[in-house]
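Survey of secondary and tertiary structure
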Amino acid sequence: MTVQDQTSSKQEFSAPLAGTPMAREQAVKFLGLIIFAVLAWIAITIFVWLGRRNLWAVSHITGYVLFVVVLGLVFLKARKRLLVLPLGPVRDWLLLHFVLGALSLPLYFQHTGTFWPQGRYEQFIALFFYTASVSAIVGIIFQRIYPRRLIDLGSQVIYERIPTELANLREEAEALVLQAVRETNSDTVGRYYAESFQWFFKKPRFVLSHLLGTGRSLGWIQMRVKVLDRFLNQTEREYMHKLEAIAMRKNGLDAHYAMQGALKLWLFVHVPSAILLVLLACWHLIVVNIYS
Amino acid sequence: MSDQQRPGYQVDTYVRPNLSYCCGRGGKWGKSCWQGPNGEGQCGGASECSPVKEGDRWECRRPKQAGGACAEGPRPDGTCCNVQPPCTPRRTLRSMRGMVSKIAALLLLLALIIGIHPGTKSFVNPTAIDAGNLSSVHAGFTRQNGCASCHGNHINEAGGWLLAAFSSNDTSEQCVDCHRFAGPAMKAHNQDHAKNEKYAGQAMADVSCAVCHNEHKGADNKLSKVSDQACASCHKPEFGNFQRGHPEFSAKFAAAKPGNIYFDHTSHIQDYFVNPKHMKMGRDPQFAAIAKSDCSSCHAIDKATREIKLKSYEQVCANCHKTQIKERELILFEPERMTAAGSVLTGLSRDGDEEINTKALKNLWQSMAASGRSALSRFGAEDLFTGLSDSVARTAGSAWSRSKDLPQADPPESGWFAGENSEGNPALFYRAVKHDDPVLQAWFKKLRAGLADKDDEKRALAREAMNDFLDKQTGPGACGKCHAAGLRTASKTSTGQEWKYAAHDATAKDQLKPYSHPKHLNVRDAGLGCGACHQMSADSKYGKYFTPKQVPVESYESNFAAIRKETCVDCHREGQVVSSCQTCHAYHTKHELNVGSSNKELAKK
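Residues numbered from 1 in each chain as written. Chains lettered and ligands numbered in written order. Predicted model: local features only at pLDDT ≥ 70, side-chain atom pairs only at ≥ 80, totals over all residues. Heavy atoms only, no water.

1. Notes on the interface of chain B and chain A
Contacts between the two partners involve 49 residues from chain B, matched on the other side by 44 residues from chain A. Of the roughly 4,300 Å² buried between chain B and chain A on both sides combined, carbon and sulfur atoms contribute 64%. Per-residue buried area on chain B facing chain A is highest for Trp29, Leu93 and Arg97 of chain B; these three make up 20% of the total on that side. The tally of links from chain B across to chain A stands at 2 salt bridges. (Contact = heavy atoms within 4.5 Å. Buried area = accessible area lost by both parts, 1.4 Å probe. Salt bridge = Lys/Arg side-chain N within 4 Å of Asp/Glu carboxyl O.)

Following this line, the structure appears as C-alpha cells:
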C-alpha cells in the first residue's frame, strides 16, 4: 500500500478505538489491574509498617518483591518472543506492564528509602531505574497522543517504507515540474522548485513541528505557493497547485516519519536501560546475600 | 506467459520492522530496491531480477511493483540487464536497539563485574560491590583490611565467595570484636531476660546489630540513631510520642536512691542558714543569707561548659563543719575499758571475759612501754598509726602497764596524744588533722575489711565498731555525719569513691542516658533557676535512710519532689524539641570499645 492509495481506514488500526467492545474490555482489564496494583501497594505498605515495628528485614523482603515486579515487567519482552505458548494477547501483557511499572516506583522508594543511594553500583541501578521509568512515562505520553494524530492524518504507511514513499513523491514532483517546463516553455516553476521545494522533498522536514503539532510545515508550503502565484500564468498556476498537492502528501509522510519515529525511538532509551537494570538487580541480589 | 502469470509477479516488497537490515539507499532518502538486503546484511538489489530459464529462453522476473518485465530482457548468459552498484544495507531501528542493549550490557559487565581492580585483595571489582561509604566512625577502621574487616567472605576465592550467598553472613560477630557490653551482646538491652521473672515464658530472640544499625549510608550517617519504631517492636503498649502515651515518671524520679553523702537540703535551707542559734557553729552570715535561696552558692555552674559541679568542702562546708572534725576523737585505747577501735585492732570483744581482756591489754601496755609504736604495728597496717610517735606510745604503755596516771599535758589540736581526752578520760587518741584525713580513712578501710571477714566474731566486732565510728554525734572525725551512707555500702575493694560526692544514678535501671544539665540550663523558666525543675519536698523524711539501722534503700526519700513528665513535656513535644526514645533512653548497657582487636584477629587468621 502506497501513500497515494491509502484510505482513512480507522478500522484497520491495531489499537482498540474508543467505544468499541474491545476498548471497553481493555478499559475494564486496565481498571482491574489498577485496583490490583493499588491493593498490592497498600498491602506492601502495611507490611513495611508492620515490619519496621517488628524488626523484620523489611529491605530484604521489599527487595525481593521489587525484583519479582521487575522480572514481571521484563516478561512483556519474553511474551513477544514466545509466540507458540498460549500466554494471552500481548495487549493484556502490555496493560500488566503498565500497572507493574507504576507499582515499581513506590516499591523502589520503600526498598531504598532514598532518592539516590550511596553505593556506586547501586547508583547505577538507580540511574537505570530512573531512566527506564522516565522513558516509560515519555513512551506512555507518546502512545496516548501520536496514534490518534496518526489516525487523523488519514493515511497509513509502514515506517520502514517511508524512504521509498518519499523517493516516489520526489520523483513524482520532479516529473511534474519537468512536464510544466516543457508544456509552458517557461522555467519559472522549475527554478522555483529548485530554489525551495527541492529542499523540502529531499528528506523528511519539520520533524519537531510535527511532533509538537504546530502546523508550521503547512504554513511553509502554502506560503511558498502563494508567493509565486502572482508571477504565474494560468497553466503554470495549475501545475503549481498539483505540486502543492504532492507537497501536502509529503507533509503527511513527514508527520508519519516524525510521530512513528518518536513511538519507536523512546524504546532506544527504555529497553537498554531496562535490560541493564535487570542485570544489575540480579547482581545486587547476589551481592546482598553474600555480604549480609 | 503474461506478466500476471509469472511467479512472484504480484509479490509485495517485504519491508518489516522485525527485519535486521533495510536497503541502504533508503537510508539516504533514495528509492529502496524491491529485493532489500539478505539476512546477513548484504545488498540483494545489485540486479533488478533473477531471470529464469524457460525452455531455451531466459525470462525476466521483475515483479509488478518494480515495473514488471523489462523491455530489454535478460542477457544471453542469463544475467539481468538492469544492474546497479550494490548499496550498504543499514540496520533497522529494532536491530540497532538490540545491538545497543547488548553493547551496553557488555560494557557494564566489563566495567563493573569482571574488571579486576589492581588494589583489591578480592577478585571482584570494588565498584561492583560498593554499597556506599562507611560512616565516619568506621571509615578509618577498615583502612587496613578493607571490606574483610567486617565481611569475612570478601577474601574467599571465587567459588566460596559465590557460595556464601546461600549461607547466613551476619556481621554481628565482627561488631562485637570491638564493641563490648556489660551483658550478652545480642540480647535485648544486653541483658539475659531468661533470668528475669518478668519475661518468663517469653521468647527473646537474638537481635543482630544490623537490624538497628545500617552501615554504608555515607560518612554523615548517624549509626547510633534508631527509630522509635524499633523500640516499639518490644515495648508495649505502643504510643505515638513522648507527650502522648509515654508512661508517667516513677514516684521518686530522678532521685530514687541516695547518694554517698548525707546532705539535708531542707534542714540547711530552712534551719541552719536561718536560725541564729547556729551562728555559734562558725557560720558565715553572708554565705548563709545567699545559700538559702541561691543554689549556685554550693553548686557551681562552669561558665565554659555549663556543667553543674558541687563546690569543694573547703568552699561550702568547712565554715561550719571543720571544728566538728577535730573535736571528734578516734580513741584507740583507754586503760579501764575496751574501745571500739581497740577491739577491732586486737580482736578482743568489748563484751568478752574481762580477765582475759585485762591480761591481754596489760601485755600490750608492756610491749608499748618497751618498743613504742612498733608494738601496735603488728596488729595492722602502718597507715592506721600515721603520725603516732614512739614516745606517745611509750608514754601510754609505760603508765598503764604500771597502773599509773598519764602525765598531765594539754592535748594538741590534731594528731596522736596520750592523755585526757575531750571527755576527761585517760586515753591514747587521735584528732583528725584535716578533712579527708588519711588515718581515719585507713581505719574505715580496716573496718570494711573486717565486715567482709569470714570469721563471724571478727565480723561482729567490725560491725559494732563501724556503728560507733559512724555515729553522727560521737564518731571520730564526724565522718559519719555526712559520709555514713557511702561508707556503709562501700565494698571491701572500693578505692575510695565512697567518700566522694556522687549524684544519684538514675541511668542504670531505666536505661537512661546521663542527663545533660548544660543543655537544659535556663530553658524552661529562667526566673525560677534550678527551681524550674527541682522543687523542695516539704514533707520528705530524708534523714530516715541515713541512720545506723539497715534501712532498705526503697524507703529513701529525697529532699526534692519527683520530677514529673509534664516538666519535660513543656519543651519535648511534637513540633518542638525532639522527643524520640533515644533522646533519653539508651539501648546498650556499658558500651566499651576495644578498637583494633578485629584487625589483629583478622591478621592472625
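2. Examining the sheet that holds strand β8 (residues 330-333) of chain B
All names here are of chain B. Strand order in the open sheet made by the 3 strands is β8-β10-β9, with antiparallel pairing throughout. The sheet is open, and its two borders are formed by β8 and β9 (415-420), each paired with just one other strand. With direction set aside, neighbouring strand axes in the sheet form an average angle of 35 degrees. As judged from the 6 bridges shared by β9 and strand β10 (residues 426-431), these two strands associate in the antiparallel manner. Directly across from tryptophan 416, in β10, lies its bridge partner tyrosine 430. With respect to the sheet, helix α15 (residues 390-401) is in contact with β8, β9 and β10, its orientation differing from that of β10 by roughly 160 degrees. The strands that helix α16 (residues 438-451) touches are β8, β9 and β10; relative to β8, the one it contacts most, it runs at about 65 degrees. (Pairing = 2+ DSSP bridges. Helix = DSSP H or I, 4+ residues; strand = E, 2+ residues; numbered from the N terminus. Axes fitted to C-alpha atoms, helices over the stretch in contact; angles between N-to-C directions.)

3. A look at the packing of helix α1 (residues 21-53) of chain A against helix α3 (residues 90-112) of chain A
Residues and elements named next belong to chain A. Contact geometry of α1 with α3 gives a least axis separation of 9 Å together with a crossing angle of 20 degrees. It follows that α1 is roughly parallel to α3 by the angle criterion. Note on packing geometry: the crossing formed by α1 with α3 is right-handed. Among the residues making up the contact of α1 with α3, the classes are represented as 16 nonpolar, 3 polar and 4 charged. (Parallel < 35°, antiparallel > 145°, perpendicular 65-115°, else oblique. Left-handed = near helix turned anticlockwise from the far one by under 90°. Nonpolar A, V, L, I, M, F, W, Y, C, P; charged D, E, K, R; others polar.)

4. With respect to the packing of aromatic side chains
All names here are of chain A. Summed over the entire model, instances satisfying the criterion amount to 38 aromatic pairs over all chains. Note on tryptophan 199 and tryptophan 220: the rings are 5.4 Å apart at their centroids and 50 degrees apart in plane angle, and the pair reads as tilted. One end of the pair, tryptophan 199, is in helix α6 (residues 188-202); the other, tryptophan 220, is in helix α8 (residues 216-229), with 21 residues separating them in the sequence. The exposure class assigned to tryptophan 199 is partly exposed, which follows from its relative accessible area of 40%. Taken together, the aromatic side chains of Tyr192, Tyr193, Phe197, Trp199, Phe200, Phe201, Phe206 and Trp220 make up a single cluster linked through ring pairs. The lysine or arginine in question, lysine 242, covers the ring of tyrosine 239, its NZ or CZ lying 5.2 Å from the ring centre. Directly above the ring of phenylalanine 200 sits lysine 250, whose terminal nitrogen or CZ lies 4.2 Å from the centroid. (Phe/Tyr/Trp six-rings, centres within 6.5 Å; stacked < 30°, edge-to-face > 60°. Buried < 20%, exposed > 50% of the residue type's maximum accessible area, 1.4 Å probe, protein only. Lys NZ or Arg CZ within 6 Å of the ring centre and 35° of its normal.)

Just distances and angles here, no functional claims.
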